[in-house]
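Structure at a glance
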Amino acid sequence: MIVKSLRETMLGMWSLLVGMKVTAVNFKSTQITVHYPREVVHSLEGYRGHIELVPSDEDPYKPKCIACNNCVRICPSACISLTAIKPKKKAAEKTEAPDSADEVKTKGKKEAPAKKAKPELESFVCDYNYCCLCGLCVQSCPTGALRYSSNVYLAGFTRQEFVLDLLSRLQNQAQKKEQ
Amino acid sequence: MNLDLRLDTSGDFYARKFQPTKREDTLILNMGPQHPSTHGVLRIILEIDGEYILRAEPVLGYIHRMHEKMAEVMSYPQYLPNPARTDYLHGLAWNWAHVAAVERLMGLEVPERAEYIRVITCELNRITSHLLWWGAYLLDLGAFTPIMYAFDDRERIQDILQRITGSRLTYCYYRFGGVSNDIDDRFIEETRKQCSRMKPRFKMFKDLVTDNFILRKRVEEIGEIPADTCRKYGATGPVLRGSGVPYDVRRAEPYSVYDRFDFNIPSYDTCDAMGRYLVRMDEMQESIKIIEQALDTLPEGDYIMPKAPKKPKPPAGDVYFALEGARGKIGFHLVSDGDKSPYRLKLRAPGFSNLSLFSEVSEGVLIADAVSILGSLDLVIP
Amino acid sequence: MSEENAKPEKAPDKEKEVKKKEEPQVPKYTGYDYDCFLAPQELLKAVTKLDHADFFLEDVSCVDMQEGFQVVYHFDRFSQPGRVVLRVMISRENPEIPSIYDIFPGAAWHERECFDFFGVRFTGHPNLIPLLLDPEHQGPPPLLKEETALKDLNQLYPDRVHTPVSPDSEEFVKEINNCSNQKSRNQS
Ligand code: SF4
Ligand code: SF4
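Summary of the structure given here. Note that the coordinates shown come from a computational prediction; the quantities given were computed from them, not determined experimentally. (Residues numbered from 1 in each chain as written. Chains lettered and ligands numbered in written order. Predicted model: local features only at pLDDT ≥ 70, side-chain atom pairs only at ≥ 80, totals over all residues. Heavy atoms only, no water.)

**Brief notes about the overall build of chain B**
Broken down by element type, chain B carries 15 helices and eight strands. Projecting the C-alpha coordinates of chain B onto the three principal axes gives extents of approximately 70 × 50 × 40 Å. Counting across all 382 residues of chain B, residues that qualify as buried make up 65%. Sequence separation of 24 or more characterises 70% of the internal contacts of chain B that already satisfy a separation of 6 or more. (Helix = DSSP H or I, 4+ residues; strand = E, 2+ residues; numbered from the N terminus. Buried < 20%, exposed > 50% of the residue type's maximum accessible area, 1.4 Å probe, protein only. Contact = heavy atoms within 4.5 Å.)

**Concerning the overall build of chain A**
Secondary structure assignment for chain A yields six helices and five strands. Start at the N end of chain A and walk to the C end: the helices and strands fall as α-β-α-β-α-α-β-α-β-β-α. Counting all 179 residues of chain A, 31% fall into the buried class. In chain A, once contacts between residues fewer than 6 apart in sequence are set aside, the share between residues at least 24 apart is 77%. Total accessible area computed for chain A in this model is approximately 12,300 Å², and 59% of it derives from carbon and sulfur atoms. (Areas by Shrake-Rupley, 256 points an atom, 1.4 Å probe, with all protein chains shown as cover.)

**Side note on unusual backbone geometry**
A negative phi holds for most residues other than glycine; trans holds for most peptide bonds. We note that Asp-378 of chain B has phi near 55°; this positive angle belongs to a residue other than glycine. Looking at the element boundaries, Asp-378 of chain B is found in the segment after α15 (367–377). For Asp-378 of chain B, a relative accessible area of 4% corresponds to the buried category. Although it is not a glycine, Asp-54 of chain C sits at a positive phi angle of roughly 75°. As for its position among the elements, Asp-54 of chain C is in the loop between α3 (43–52) and β2 (55–65). A relative accessible area of 39% means that Asp-54 of chain C is categorised as partly exposed.

**Structural notes on the sheet that holds strand β8 (residues 344–348) of chain B**
Residues and elements named next belong to chain B. In space, the three strands of this open sheet follow the order β6-β7-β8, with antiparallel pairing throughout. Strand pairing shows two members of the sheet lacking a second neighbour, β6 (317–324) and β8, which therefore form its edges. In this sheet, adjacent strand axes meet at a mean angle of 10° when their direction is disregarded. With eight bridges connecting them, β6 and strand β7 (residues 329–336) associate as antiparallel partners. Residue Val-319 lies in a different strand from β7, and its bridge partner there is Leu-334. (Pairing = 2+ DSSP bridges. Axes fitted to C-alpha atoms, helices over the stretch in contact; angles between N-to-C directions.)

**Re the pattern of salt bridges**
Residue and element names in this part refer to chain B. Taken as a whole and judged by the stated rule, the model has 50 salt bridges over all chains. Close ionic contact of Glu-123 with Arg-126 constitutes a salt bridge, the shortest N to O distance being 3.0 Å. Of the two residues, Glu-123 and Arg-126 are both situated in helix α5 (residues 112–140); the distance of three residues between them amounts to about one turn of the helix. Judged by its relative accessible area of 0%, Glu-123 is buried. (Salt bridge = Lys/Arg side-chain N within 4 Å of Asp/Glu carboxyl O.)

**Section: the interface of chain A and chain B**
Taken together, the contact between chain A and chain B spans 25 residues of the former and 29 residues of the latter. If you sort the residues of chain A by the area they bury against chain B, Glu-45, Arg-48 and Gln-139 of chain A come out on top, with a joint share of 21%. Across the chain A-chain B interface, the total number found is one salt bridge. Applying the counting rule to chain A against chain B returns nine residue pairs in polar contact (both at pLDDT 80 or more). Where the side of chain A that touches chain B is concerned, the elements lending two or more residues are α1 (2–27), α2 (70–74) and α5 (136–140) of chain A. In terms of residue count, the dominant contributor to the side of chain A that touches chain B is α1 of chain A (nine residues). Of the residues that constitute the side of chain A that touches chain B, the class distribution is 12 nonpolar, nine polar and four charged. (Buried area = accessible area lost by both parts, 1.4 Å probe. Polar contact = N/O pair within 3.5 Å; in protein donor to acceptor, adjacent residues only side chain to side chain. Nonpolar A, V, L, I, M, F, W, Y, C, P; charged D, E, K, R; others polar.)

**What to know about the interface of chain C and chain B**
Taken together, the contact between chain C and chain B spans 64 residues of the former and 51 residues of the latter. Looking only at chain C, the three residues that lose the most surface to chain B are Phe-78, Trp-109 and Leu-132 of chain C, adding up to 15% of its buried area. Here chain C is connected to chain B by 10 salt bridges. Across the contact surface, chain C and chain B share 23 residue pairs in polar contact (both at pLDDT 80 or more). Breaking the side of chain C that touches chain B down by element, the ones donating at least two residues are β2, β3 (68–77), α4 (107–118), α5 (153–156) and α7 (181–187) of chain C. A per-class count over the side of chain C that touches chain B returns 35 nonpolar, 11 polar and 18 charged.

**What about the site of ligand 1?**
Around ligand 1 sit Ile-51, Cys-75, Pro-76, Ser-77, Cys-79, Ile-80, Cys-131, Cys-132, Leu-133, Cys-134, Gly-135 and Cys-137 of chain A, and those are all the residues in its vicinity. Counted by class, the shell around ligand 1 contains 10 nonpolar, two polar and no charged residues. (Near = heavy atom within 4 Å.)

**A look at the site of ligand 2**
Within the structure, ligand 2 sits among 13 residues, and Cys-65, Cys-68, Asn-69, Cys-71 and Cys-141 of chain A are positioned closest to it. Along the lines of polarity and charge, the residues of the shell around ligand 2 split into 10 nonpolar, three polar and no charged.

**Focus on a nonpolar patch on the surface**
All names here are of chain A. Nonpolar side chains collect at one region of the surface, where Val-34, Tyr-36, Val-40, Val-41 and Tyr-153 lie side by side and expose about 410 Å² of accessible area between them. Structurally, Val-34 can be placed in the loop between α1 and β1 (51–53). Under the relative-accessibility criterion, Val-34 is labelled partly exposed at 36%. (Patch = residues over 30% accessible without salt bridge, like charges linked within 9 Å, V, L, I, M, F, W, Y side chains within 5 Å.)

**Focus: the pairing of strand β4 (residues 84–90) of chain C**
Residue and element names in this part refer to chain C. With seven of its seven residues buried, β4 lies for the most part within the structure. Of the two faces of β4, the one holding Val-84, Leu-86, Val-88 and Ile-90 and the one holding Val-85, Arg-87 and Met-89 are both buried throughout. Sheet analysis places strand β1 (residues 34–38) next to β4, joined by five bridges and oriented parallel. Looking at β4, one finds that Tyr-34 is bridged to Val-84. Both β3 and β4 contribute to a ladder of seven bridges, which runs antiparallel. What sits directly across from Val-71, in β4, is Val-88. Linking β3 to β4, which pair antiparallel, is a turn of six residues.

**Points about α15 of chain B**
All names here are of chain B. The element α15 is largely enclosed, with a buried count of 10 among its 11 residues. Among all positions of α15, only Ile-367, Asp-369, Ala-370, Val-371, Ser-372, Ile-373, Leu-374, Gly-375, Ser-376 and Leu-377 are buried. Asp-378, located one to two residues past α15, shows a positive phi value of around 55°.

**A few points about the sheet that holds strand β5 (residues 163–165) of chain A**
All names here are of chain A. Read from one edge of the open sheet, three strands run β2-β3-β5, paired in antiparallel fashion. A strand with exactly one partner marks an edge of an open sheet, and here the two such strands are β2 (80–85) and β5. Each neighbouring strand pair of the sheet contributes to a mean axis angle of 15°, computed without reference to strand direction. The sheet contact formed by strand β3 (residues 120–127) and β5 spans three bridges and is antiparallel. From the neighbouring strand, Cys-126 faces β5, where its bridge partner is Leu-164. Sheet strands touched by helix α6 (residues 166–178): β3 and β5. Its angle to β3, the strand with the most contacts, is close to 105°.

This is the structure:
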């Protein structure tokens, strides 16, 4: 009985020593964590940040988007909203020029066949508060006008800060590039 | 506003329901809903006599989000991101269960390469889930360091998965008919490196923790769940295998390409928390085995069906799809009426059944042991 | 399945096309190895039989349809895997069904969940109180459908037999004993 419990204690002590050895070995290894504000991680490739617009090939200030509304329809969280203006020629032909946001739906459909008359994006807002980063919008875009940004260091005091105006973001990016 | 500030001792609805059968000399204690050992928002009402638990009743639903109702109002692709949120630690398995249920109903043939990619990513995810469980369980038992070791490996795997799937926790990677993104050579190389890195780590984990006699005293012969109790309660996964029943959906009801891989199903018939602990530790090694085999035999081909339906409309009917998640059997019962959203979707969460046996198992144990039992069930509450 | 096979041989046209449309109606393997309808009063008998045959309870769920609620019980087995599903139709006006708690205590929570979401009352349940919903929840159970959205049995399960079987019948006993997913997979 006593022998048994003694033996158990000794084995227990031994197991602790073995554990301490592991700790000691690892104590000497290099640091693997990143001190966030002073350093940032660089392995952001492939990460799905919030979405952003892709500039078109000709003009870095203009997005590729054709305002087809595919992304708006597929988004499970309904966080994309966009408005577009008709190209001027077309608008002039028609007597009543649509201007409100709810016209967009009908417009998108009508414009689709007429390829030349590409509606121009007026605003493109992503409410990042509700976005679940599923990536369905990026995949459903026929022109590849959306991509994920690698903007992950987001923090703010109000919700309003995360309602992202992607069009002006695109323009800022283009400006920065020029400089 | 109610300004009556007199002390209200009757408690809420559940406490009032629980109280009348209380004995004279005992105490009623609320554990949770914000208790660190309950991993999520779980509340357990305990009737205690000194340090011993006489009765326990879990109260849940604090963060129930009604995913089943959401499924009914969303179209199939819109529901894709949801399942991963029900079990944030093994999101890919849920994601898989959802797409596979729809695929089964529509009779879609997923390209082989996609199936292999699914197996690889899902197993990687299973390892991260078990690693987190390992760290958190030991944290519950009072050991702080192991979670650091666990996170070292977990973060590396998450980096690998992030490059391919785009997220680190709540994945939305699988699509109807395949996956959303092909894997590349760098992924394969990194995964291989990680696999070979992890193998000696298990030895280290064993030295560091599993053999430690303080841990053994905390988990051995604690929370014995006989196999028949598991059956009566429908407990699956490591809980069941820790009770000596080598039942694994990957083997029992082989889905995808799991029947091509050679892996063991670890099971321990000690029925205690140690058994469940060891099952999970072994399972990680089996997962690595599966990943390596899958990488060796990865076929070329499409990663998604060329004609994968963007907006699926499965025919009317119902199917059940079960798969093995890190916590047990995940089941999707999908009833379709041929419309663009499901008519009814029932999710079977393994943790739900596993937790329901807690009140039976915890009778007569110490509170500290109850924490050990809860942790060994590996719960994810929502 | 059929669509994939049909692709290489492009020649057959109309006949195949009709088939193409019809065939996906029956999935290759639905996940069920034995599927039957039961009368509510015979549920307990059937569940007892399943208990003796070593099945475990996967879940209890419910589907709201025109004929009433369909309560669905899924069972599986460790030793010889195969899924049995029992379907019981109960009326919408008086949604009552015997609880299987005494046989499978694990059903307690699943039944409470159904009670929460559909208002189905399980008679004999020891503790039928809200589980996932707020006990102060007002209004109808959340998963009930609008009258107009309800579908009937033939719309939802076009290829199933809807006549209840008796758990005493030889067919039932034979099916649950032989039920295994290996068999039904190979058949199809
Ligand atoms: S990622 Fe998903 S949730 Fe976010 S904007 Fe795109 S579709 Fe909407
Ligand atoms: S799917 Fe693409 S092109 Fe269409 S509106 Fe959205 S961003 Fe623009």
